[in-house]
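# Structure at a glance
Okay, here's what each chain looks like letter by letter:
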Amino acid sequence: MDSFYNIFNGKLDQISGHNIWVIILPACKSKYNPVLHRIYDLKILLLLDKIKHDRLNMNNLILHDKEFRLFIESSKIDDVICKMANSMNEDLKDTAPLFLSVLNGSFMFTADLIKQITIPKTEISFVKIASYTGTSSSGSIQELIGLEENLEGRTVVILEDIIDSGRSMTHLLEYLHAKGVQKVVVASLFYKPKAALYQVDIDYCGIVLENDFVVGRGLDYNGLGRNCPDLYILNA
Ligand code: IMP
Ligand code: MG
């Protein structure tokens, strides 16, 4: 066996949705060896079985004591973020915007969106507020950490993962206005209008949800699930 690789490129629609899987196996440079090829065939079958198993499992997530099911696929969320970025590029092109990412939840949304922002004088900063434990709003706002920039006279674009009760956003807006910002723009990837306890005007709203608890795409359930690119909904 040597260091050359044989690339088996198969389209496995029936088991992997729309994905095309590329399987790389070591190849033999010497003449055809039926035993070795039989072994490779078996390895491919085992790998296909594993892919099928993994894919089926990806439709459901178990995080701590709760089960979630696939709700919105990553590609749909990508499209929405692309549209949000295009609108911002147009609307804010004559400003020097400071994008303010609200951690932890909006880290993925921020990374996805900011790559598509083409406004030359773009700056990014991060703040942290948390009002959630478990699957319902805790009702308490924790301290705002991390904002060191001088905000006077600036256009600030808040990037939130989700607006639920609106409590965190209301708190942040009050804080920013007190710091003398010239203009505040609110962008939220997800929004649950039926959960609203505080009225918040959202300038860029990605996807409107019912009042359900969701995870993935940066959103967590007690620390887990943030890494999933798709959005999952809590099984009732
Ligand atoms: P709000 O202050 O009630 O609007 O909640 C704001 C924060 O709670 C969001 O930025 C999220 O981090 C978190 N949150 C709200 N809804 C959900 C959810 O469905 N799943 C996970 N986190 C959520
Ligand atoms: Mg958040």
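Residues numbered from 1 in each chain as written. Chains lettered and ligands numbered in written order. Predicted model: local features only at pLDDT ≥ 70, side-chain atom pairs only at ≥ 80, totals over all residues.

Before going further, it helps to examine the confidence of the model for the protein. In the predicted model, the protein carries a mean pLDDT of 83, and 75% of its residues have values of at least 70. Counted against residues more than four places away or in other chains, residues 1–22, with its pLDDT under 50, gives 30 contacts. (pLDDT = per-residue confidence, 0-100. Contact = placed C-beta atoms within 7 Å.)

Next up on the list: helix α3 (residues 74–91). Taking 1.5 Å of rise per residue, 18 residues should cover 26 Å, and α3 covers 26 Å from first to last C-alpha, within 8% of that figure. For α3, the elements touching its buried residues are β4 (66–72), α4 (107–114), β10 (183–191), β11 (204–208) and β13 (231–234). (Helix = DSSP H or I, 4+ residues; strand = E, 2+ residues; numbered from the N terminus. Expected span 1.5 Å × (residues − 1).)

Packing of α3 against α4 brings their axes to within 9 Å, and their N-to-C directions diverge by 60 degrees. In terms of axis orientation, α3 runs oblique to α4. Considering how the two elements wind past one another, α3 and α4 form a crossing that is right-handed. Facing Asp78, Ile81, Met84 and Ala85 of α3, the residues of α4 in contact are Phe109, Asp112 and Leu113. Class assignment for the residues of the contact of α3 with α4 results in five nonpolar, no polar and two charged. (Axes fitted to C-alpha atoms, helices over the stretch in contact; angles between N-to-C directions. Parallel < 35°, antiparallel > 145°, perpendicular 65-115°, else oblique. Left-handed = near helix turned anticlockwise from the far one by under 90°. Nonpolar A, V, L, I, M, F, W, Y, C, P; charged D, E, K, R; others polar.)

Attention now moves to the site of ligand 1. The immediate surroundings of ligand 1 are formed by 19 residues, with Gly105, Asp164, Ser165, Arg167 and Ser168 found nearest. Mapped onto the shell around ligand 1, the elements with two or more residues apiece are β9 (155–163), α5 (167–178) and β12 (214–215). Looking at the shell around ligand 1, the element that brings in the most residues is β9, giving four residues. A breakdown of the residues in the shell around ligand 1 according to their chemical character gives eight nonpolar, six polar and five charged. (Near = placed C-beta within 6 Å.)

On to the pairing of strand β3 (residues 60–63). Sheet topology note: the β3/β4 ladder contains four bridges and is antiparallel. Paired with leucine 63 across the bridge in β4 is lysine 66. Connecting β3 to the antiparallel partner β4 that follows it, the hairpin turn spans two residues, and histidine 64 within it adopts a positive phi of roughly 50 degrees. (Pairing = 2+ DSSP bridges.)

A few words now on the sheet that holds β9. An order of β6-β5-β9-β10-β11 is seen for the five strands of this open sheet, with the pairing classed as parallel. Edge positions in the open sheet fall to β6 (123–128) and β11, since each of these has one partner strand only. Looking at each pair of strands side by side, their axes are set apart by 20 degrees on average, direction ignored. Of the strands in this sheet, β5 (98–103), β9 and β10 touch α5, which is tilted by about 170 degrees from β9.

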